[in-house]
Every structure is written in structure tokens, then in C-alpha cells.
Amino acid sequence: MVPTGVRLRAPAPGWAIDADVVVVGSGVAGLTVALRCAAAGAKVTVVTKARLDDGSTRWAQGGIAAALGEGDTPAQHLDDTLVAGAGLCDEEAVRNLVTEGPDAVRRLIATGARFDTAPDTGEILLTREGGHHRRRIAHAGGDATGAEISRALVDAVRDAGIETIENALVLDLITDAAGRTAGVTLHVMGEGQRDGVGAVRARAVVLATGGMGQVFSATTNPAVSTGDGVALALRAGAEVSDLEFVQFHPTVLWLGPDAEGQQPLVSEAVRGEGAYLVDADGVRFMQGQHELAELAPRDIVAKAIMRRMREQGAEHMYLDGRHFGAEMWAHRFPTILAACRAHGIDPVTGTIPVAPAAHYASGGVRTDPRGHTTVPGLYACGEVACTGVHGANRLASNSLLEGLVFAERIAADIVARPAGPGAPVIPVPSRFPLLAPEARYEIQRVMTAGAGVLRSADSLDRAAAALRRIQHTAADDLERDGKTAEPCVETWEATNLLTVARVLVEAARRREETRGCHWREDRPDRDDAIWRRHLVVRLTPERTLAIHTTETAAFPPTATLPDPADTPGGASGTTQGAASGAAPGAATAPAAAAGAGQAPRPHGARAAGPASPEEIS
Ligand SMILES: Cc1cc2nc3c(=O)[nH]c(=O)nc-3n(C[C@H](O)[C@H](O)[C@H](O)COP(=O)(O)OP(=O)(O)OC[C@H]3O[C@@H](n4cnc5c(N)ncnc54)[C@H](O)[C@@H]3O)c2cc1C
């Protein structure tokens, strides 16, 4: 059963509209789901927090990986992806990605995206990035791939007449009495027929809310990437997984020690074209560290940079691409050139100061190969999802591809399941406080200090204690004098950030090893015997965390309730036992982490310590 009352504090919905499918987010994932569902005749509403093109997709530089080149094969792409994922990729999910990827890219081109091609042959130009053993990254506008993909998808959505609601923050899931998805609540900013808090009722909800980079002080992610989808899914009772695996991009333009928020990325493709990293003494320190040197997987490069920074007491390293010359910089990397010059750095004549910053969430809302979360009718797609494709570390340029491929899978699943939920349950008012807007910056500082590239038990304990204090202060204010921050975008976002920060830190504390992009200084080795497993987290109705681990073979989750489309007679509003959706061979005995009313853990699941006794907002 979905926890009731576990939602953001907000006014009751004052208006409602109906759709078959509501898509939350308008990046590559959300817009692709919307287009494919609409093409099959479904009534789709896209809700997005800012403008349609606001999200990480627009900022993607390097490109999209797919085995499109001569001699390249999905099998080679699969191998590179598995290596980067450091033992935690779900091989079936990766196989789906790499085999369906090339055609998904061709369909994106048919939708209107224009990739860079060779002037003489018209063939798509392919570059290399870290961890890829072949040139397989298609790009557009030189280093403006995401902007072109976003343009093409936004145009297509407008041409298709799909309903879009911009400047609208989705708050929480609405369910029927049995806990099946029945829509979302949202807050529309601005004035008009639909302003303030309302509801979109729908039989399927697709979370495509992107990443959570804003949980750290320095990130490549835009301001909208506040982890709302993960926080919403947790409140709805869905499982999230692998949150500890945050990819820190090794080469982000260093803008000074106090720089905060979104920082310009210097794409891996710059290294792919031959730029190299040097330390403060001008020494190329990646040589001899990995066979691919500067093109080693991102975690290796980020760690090497951090180590060398520590050894030299430096705040950043340098990227040297002076040998490209002015013409190549202007033609191949116009966006990066402009960003550098805007900050007084000229890559044509000088080196570029770079340091790692939070870039990509490899974990997220746990999904099966068709994008189902553990809550029936709730799907997750793109960066918000944890499909098992990335394991402990994402291979460069696999994320746009993941958004495309799994969006098409989700759309196919949705249109094949016409049954709807029972009547939506009226939301009960939340008894939990909201955080003041300033808490956002406090959370970011705590996370960067304690759960950044360099982590240890001590740093993570300190982060956990600081986050708990932020939570308790808000709760105490509410209990003492009934005060809580006013519901508004800033307070909802800050509250969501705290939720994902607490889960991320809890997962990082428990994973007592170094693997992929999770680097524990106090546990420098990879421990396959104990930790070749995923940490899976759920919020209980009491708002404590239930945590278990599961083997990669058992990674695809099973809904905690049967989907109405799988039930003879469809949705009748009948309440099903929470255990009935368990995987074959599921362990039904209650385990240490499980409290009353919890779903059983699937085959291969293992408790990962007691439930966190703390209430999580
Ligand atoms: C600088 C940069 C460079 C990158 N380069 C590459 C690259 O070269 N290749 C590659 O494969 N990947 C790259 N990535 C990663 C890739 O861009 C993202 O993983 C991908 O675009 C995510 O797409 P998405 O559709 O899941 O989310 P996004 O594109 O981030 O879209 C999320 C959407 O959800 C909306 N949203 C969020 N919360 C809410 C809410 N509560 N209510 C309503 N709407 C909400 C946002 O407004 C936005 O529209 C890069 C990322 C960055 C930041």
C-alpha cells in the first residue's frame, strides 16, 4: 500500500484535468515518451517545471553513443558499458540499450534532429569519449548535441499538438485506494485558468524529471535538476536504487573556490580529439595510470585529478588543447570556446583550469526493462530512472541514448495497457514541514564537503548528522509554534533536495567499498564478495528508510501491487495484498530491514541493516 499523507505540504488541488498519460519533464526522455504515446493515439499531457527546453538535455555537449560506425557492433558497445559499470550493470538492460540504440537514433533523426555529417559522404561523423574503444559518439552543431536534440523534439511535440504545461512543478503522485497511479498534483506558476495547485488525472505517469546535481554546490546540471522525481517516487512508496553512484565529471571549468550552482562543462570529446591533462608543473599525469590515459572511464580520471590536486595542494588541474588551433576550436567546440572566453580563458592560447563537479546520477527510481517502477502505473525514464544500464558508473554519452531507448519501451508498454485505476483518493493534508529556501545552499555545502568525490565514513557521518539537524530544526519549529515555510517552488525544491541528499548519504555510508564513481578513501578496494549488489531504498509509511540489497541478476524490480492491466477484469478498485506482486521465488519472511506492511524482497535480496529510525521529509 502506498504511504498516505507522505507528500509535500501544499494547498488542496483547486482544478483538475484528464489525460491518458501525464509525462513529468521535457528532456529527451519525457518528450520522446510523449511523442511515441501520442503517435499511438494516447491523450498526453507534458508538465514541465520551467520552459520546455529547460533541463540537462539542452546542455549535453559530447553526443549520443550508438554502434553506428563501420566495424562497430552492439556487442562492443555492450562490453565498454559493462566495464564502466564496474560489475553492477544489469546485462539485459545494457543489451536492450545497445541493440535498440542505433535504430532509436535513426528515429530521432527522422523526428528532425540533424547530426554532424561528413560533407563528402553524408555519413554521420563519430567521435570518441572516455571508456569507448571506438569512435561511436554522434554529435550535432559540433558540441551542441543536446541543444539540437531538444530543438528537434520540442518542434515535433508542438507540431503533434501535444498538450504542454510549462512553469509547473509536479508535487506528488495521486493514487486510487489500492495504491495504483491515478495522476499527479502540480503547482502552476503564473496566472491563467490553471494557476496554483491542481491535478492531472491519468492512468499512467512517467517521471522524466532528470538528475539531482543541484544537491551539490558545484554541478554541470541546470537549476531545475533538484531530484524532484526521486523524492516524489520515494514518497509514493517506490523503490530507488544506486543513489550513491554520482558521477563527477572530471573536467568542469574551474571558476574559483566559491563558485556555486551550474558550472560550464568541458566535454570529454575535447580529450577525445586529443587534448590532455597536465598538473601545475605541466606534467601529463594520466599517462601510465590507465591504458586509455586521458580517455579512461570518468571515475578513473576524476580520481586521478583529485589525487594530483591533493598531492600538489592545488584547487584544479589543466586541460591543454592549444595544439587544436583556433579554427578547430571554433568549428568543433564553439560552445566550450565561448564559455571559456566568457570567463576570461582562451583555450587557443592557454590551458583551461578544470576540476571535477557533480554531473550525472547513475542511480534513481528502480525500473524494469519496460520502465515500470514498483508502483503500478508509475514509470520512470531518463536520468531519474535506474534501469540498471549504468551500474556503478555511466559510460560517456550513454545517457541520451538511455532516455531515447527506454522512452520508446515505456510508450509501447503504456499504449498496450488501456486499463485505468479506480477513483483517485483525496489527498490528506501533510503533517510534515517544508524547508526554508536558504536550506538549499546549506544542503549543497554539506553534500559537497561530505559526500563529494572524496568520501569516507567520517565525512559521510558528518554529512548525515548535518542533514538530520536541518530536518530537525524544521520539525521543531513546526511542533513548537506551528510554523513551517510557506509552500512555494523554492521550499518544495529544498525539501526534495533534503530527501534525496539523506538517502544518497545513507546509501554511501552503507556501501563500504570503492566501486565505479563511489570512492571511499577509508575503503579503497572493490569488494565483490560483499558488495557486488545494489542498495535498494524505500520510504515506509512511517517515513523511515527501509533498505535492502539485491543481486544484479535480480535487479529488475516487480511492482508491489499487481498492475490493473495484469488483473482479469482490469481496474476494479479491489485492494490487493502487498505480497501478491512478488517475483517468483520471492522471500516472504520478514527481514531485519522490513517493518510491518512492507513488500517482500525479491529473490536475491538481503537486508542491509536496520531501517533508519529517522523520519525523512
Ligand atoms: C552539461 C551536461 C553535458 C552533458 N553531456 C552529455 C552528453 O554529451 N551525452 C550524454 O549522453 N549525456 C550528457 N549529459 C547527460 C544528459 O544530458 C542527461 O542525462 C539527459 O539529458 C537527461 O535527460 P532527461 O530527459 O532524463 O532529463 P532532463 O533533460 O534533465 O529533463 C528533466 C525535465 O524535468 C523537468 N522537471 C524536473 N523536476 C520537475 C518537477 N517537479 N515538475 C515538473 N517538471 C520537472 C525539468 O524542468 C526538465 O524539463 C550531459 C549533462 C549535462 C548537464
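Presented here is an overview of the structure given in this document. (Residues numbered from 1 in each chain as written. Predicted model: local features only at pLDDT ≥ 70, side-chain atom pairs only at ≥ 80, totals over all residues. Heavy atoms only, no water.)

**Observations concerning the packing of helix 12 (residues 439–451) against helix 13 (residues 457–481)**
The geometry of a pair of packed helices is captured by two quantities: the angle between their axes and the separation between those axes.
Part 1 of the reasoning: Between helix 12 and helix 13, whose axes approach to 8 Å, the crossing angle comes to 165 degrees. Considering their axes alone, helix 12 and helix 13 lie roughly antiparallel with respect to each other. The crossing of helix 12 and helix 13 is left-handed. The residues of helix 13 that touch helix 12, namely those facing Ala439, Glu442, Ile443, Val446, Met447, Ala449, Gly450 and Ala451, are Ser459, Leu460, Ala463, Ala466, Leu467 and Ile470.
Part 2 of the reasoning: Each residue belonging to the contact of helix 12 with helix 13 can be placed in one class, and the counts come to eleven nonpolar, two polar and one charged. (Axes fitted to C-alpha atoms, helices over the stretch in contact; angles between N-to-C directions. Helix = DSSP H or I, 4+ residues; strand = E, 2+ residues; numbered from the N terminus. Parallel < 35°, antiparallel > 145°, perpendicular 65-115°, else oblique. Left-handed = near helix turned anticlockwise from the far one by under 90°. Contact = heavy atoms within 4.5 Å. Nonpolar A, V, L, I, M, F, W, Y, C, P; charged D, E, K, R; others polar.)

**Describing helix 3 (residues 74–84)**
Part 1 of the reasoning: Buried residues of helix 3: His77, Leu78, Asp80, Thr81 and Ala84, and no others. Angularly, the buried residues of helix 3 cover 165 degrees about the axis, an arc narrow enough to put them on a single face.
Part 2 of the reasoning: Of the surrounding elements, those touching the buried residues of helix 3 are strand 4 (64–65), helix 4 (91–111) and helix 11 (398–415).
Part 3 of the reasoning: Downstream of helix 3 by one or two residues, Ala86 has phi in the positive range, about 55 degrees. (Buried < 20%, exposed > 50% of the residue type's maximum accessible area, 1.4 Å probe, protein only. Arc of directions from axis to C-beta.)

**Considerations on the pairing of strand 9 (residues 181–188)**
Part 1 of the reasoning: Here strand 9 lies mainly inside the structure; eight of its eight residues are buried.
Part 2 of the reasoning: Taken together, strand 8 (residues 168–175) and the strand that follows it, strand 9, pair antiparallel across an intervening segment of five residues, in which Gly179 is found at a positive phi of about 90 degrees.
Part 3 of the reasoning: Looking at chain direction, strand 9 and strand 10 (residues 196–201) are connected through six bridges and run antiparallel. Residue pairing for strand 10: Leu186 is matched across the bridge by Gly198. (Pairing = 2+ DSSP bridges.)

**Thoughts on unusual backbone geometry**
Part 1 of the reasoning: A positive phi angle is found at Asn167, which is not glycine, with a value near 50 degrees.
Part 2 of the reasoning: As for its position among the elements, Asn167 is in the loop between strand 7 (163–165) and strand 8.
Part 3 of the reasoning: Positive phi, close to 65 degrees, is recorded for Ser397, a residue that is not glycine.
Part 4 of the reasoning: Mapped onto the secondary structure, Ser397 falls in the loop between strand 21 (385–386) and helix 11.

**Observations regarding the pattern of salt bridges**
Part 1 of the reasoning: Taken as a whole and assessed by the stated rule, the structure comprises 47 salt bridges.
Part 2 of the reasoning: Asp176 is the partner of Arg180 in a salt bridge, and the nearest nitrogen-oxygen pair spans 3.6 Å. Here Arg180 matches Asp176 in class, with each residue buried.
Part 3 of the reasoning: Two residues, Arg366 and Glu239, come together in a salt bridge whose shortest N-O distance is 2.4 Å. Of this pair, Arg366 sits in strand 19 (residues 364–366) while Glu239 sits in the loop between helix 6 (228–235) and strand 13 (240–241), placing them 127 residues apart in sequence.
Part 4 of the reasoning: Residue Arg366 is classed as buried on the basis of its relative accessible area, which comes to 0%. (Salt bridge = Lys/Arg side-chain N within 4 Å of Asp/Glu carboxyl O.)

**Topic: the site of the ligand**
Part 1 of the reasoning: Around the ligand, the surrounding shell holds 38 residues, and the nearest of these are Thr57, Gly63, Asp228, Glu383 and Ser399.
Part 2 of the reasoning: In the environment of the ligand, an oxygen atom lies 3.0 Å from a nitrogen or oxygen atom belonging to the backbone of Ser26.
Part 3 of the reasoning: At 3.4 Å, a backbone N or O of Gln61 approaches a nitrogen atom of the ligand.
Part 4 of the reasoning: Calculation on the ligand without its partners gives an accessible area of 1,000 Å², and the protein chains cover 98% of this total.
Part 5 of the reasoning: Taken together, the elements giving at least two residues each to the shell around the ligand come down to helix 1 (28–39), helix 2 (56–59), strand 8, strand 18 (352–361) and helix 11.
Part 6 of the reasoning: Across the shell around the ligand, the residue classes break down as 14 nonpolar, 19 polar and five charged. (Near = heavy atom within 4 Å. Polar contact = N/O pair within 3.5 Å; in protein donor to acceptor, adjacent residues only side chain to side chain. Areas by Shrake-Rupley, 256 points an atom, 1.4 Å probe, with all protein chains shown as cover.)

**A closer look at the packing of helix 1 against helix 11**
Part 1 of the reasoning: In contact at an axis separation of 8 Å, helix 1 and helix 11 are set at 35 degrees when each is read in the N-to-C sense. Helix 11 is crossed by helix 1, and the crossing has right-handed handedness. Residues Val28, Ala29, Thr32, Val33, Arg36 and Cys37 of helix 1 touch helix 11, and the partners they reach there are Leu400, Gly403, Leu404, Ala407, Glu408, Ile410, Ala411, Ile414 and Val415.
Part 2 of the reasoning: When grouped by side-chain class, the residues that make up the contact of helix 1 with helix 11 number eleven nonpolar, two polar and two charged.

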